[in-house]
Amino acid sequence: MKSYLSLLAFATLVLSQTALNPNGNGNKCIDVKNGVFANGTAVQIYDCNRTPAQQWVASLGPTTIRLANTNFCLDSTTAAPPNGTPMRIWQCIDNIAAQQWNFTATPTGGRFTLGNQGICLDLRNAGDVTNGNVVQAWQCVGTTYDVWTN
Ligand SMILES: *[C@@H]1O[C@H](CO)[C@@H](O)[C@H](O)[C@H]1NC(C)=O
Ligand SMILES: *[C@@H]1O[C@H](CO)[C@@H](O)[C@H](O)[C@H]1NC(C)=O
């Protein structure tokens, strides 16, 4: 039942903008650093503050992770980023591998994998939620550090 409910919650992502929280922590959000909407701005974890810098649009399955009401997308720099590559925003570009994620539901939330190559959207230092910690690419290893909720 729990997984069914979380699947329903994520289904709303298709239609609406939402915060993305690390593994059920509703006080922390994926955030565009300093709210600067420009190519290359870093993406970090930060206290949720309901600003546009924390509102994302995505959907289950193949998806971009777009900053709501903008044409900026969460971007992994390259098609196959090495472990530890910091995420950033960049203008959304159709079908570019660095912006093509695959969102799959887990029992408690969901994982964003880049393309189909086992690279996950991950929170550095074992999911450390300290403000400013880096949202990065890391090989998917089935930990909770790469589970995102809304
Ligand atoms: C941002 O990147 C896109 C695509 O690479 C480019 O077309 C655009 O000119 C860049 N924007 C700025 C302000 O440099
Ligand atoms: C997305 O993930 C699902 C579940 O792991 C998988 O079946 C599907 O092939 C993936 N799609 C892409 C485009 O990677």
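Cut-off values and rules
- Residues numbered from 1 in each chain as written.
- Chains lettered and ligands numbered in written order.
- Predicted model: local features only at pLDDT ≥ 70, side-chain atom pairs only at ≥ 80, totals over all residues.
- Helix = DSSP H or I, 4+ residues; strand = E, 2+ residues; numbered from the N terminus.
- Buried ≥ 20, exposed ≤ 12 C-beta atoms within 10 Å, placed from the backbone.
- Near = placed C-beta within 6 Å.
- Nonpolar A, V, L, I, M, F, W, Y, C, P; charged D, E, K, R; others polar.

Participant: Run through the overall build of the protein, naming residues and quoting values.
Facilitator: On a plain count of helices and strands, the protein comes out with two helices and 13 strands. For the protein, buried positions account for 34% of its 150 residues.

Participant: Kindly report on the environment of G132, identifying the contributing residues and their values.
Facilitator: Structurally, G132 can be placed in the loop between helix 2 (124–127) and strand 12 (135–139). Its 11 C-beta neighbours within 10 Å are what place G132 among the exposed residues. Distance in space between the C-alpha atoms of G132 and Q44 is 5.4 Å, their sequence separation being 88 residues.

Participant: Tell me about the site of ligand 1, and please be specific about residues and values.
Facilitator: Near ligand 1 the following residues occur: N39, W90, Q91 and I93. Residue composition of the shell around ligand 1, grouped by class: two nonpolar, two polar and no charged.

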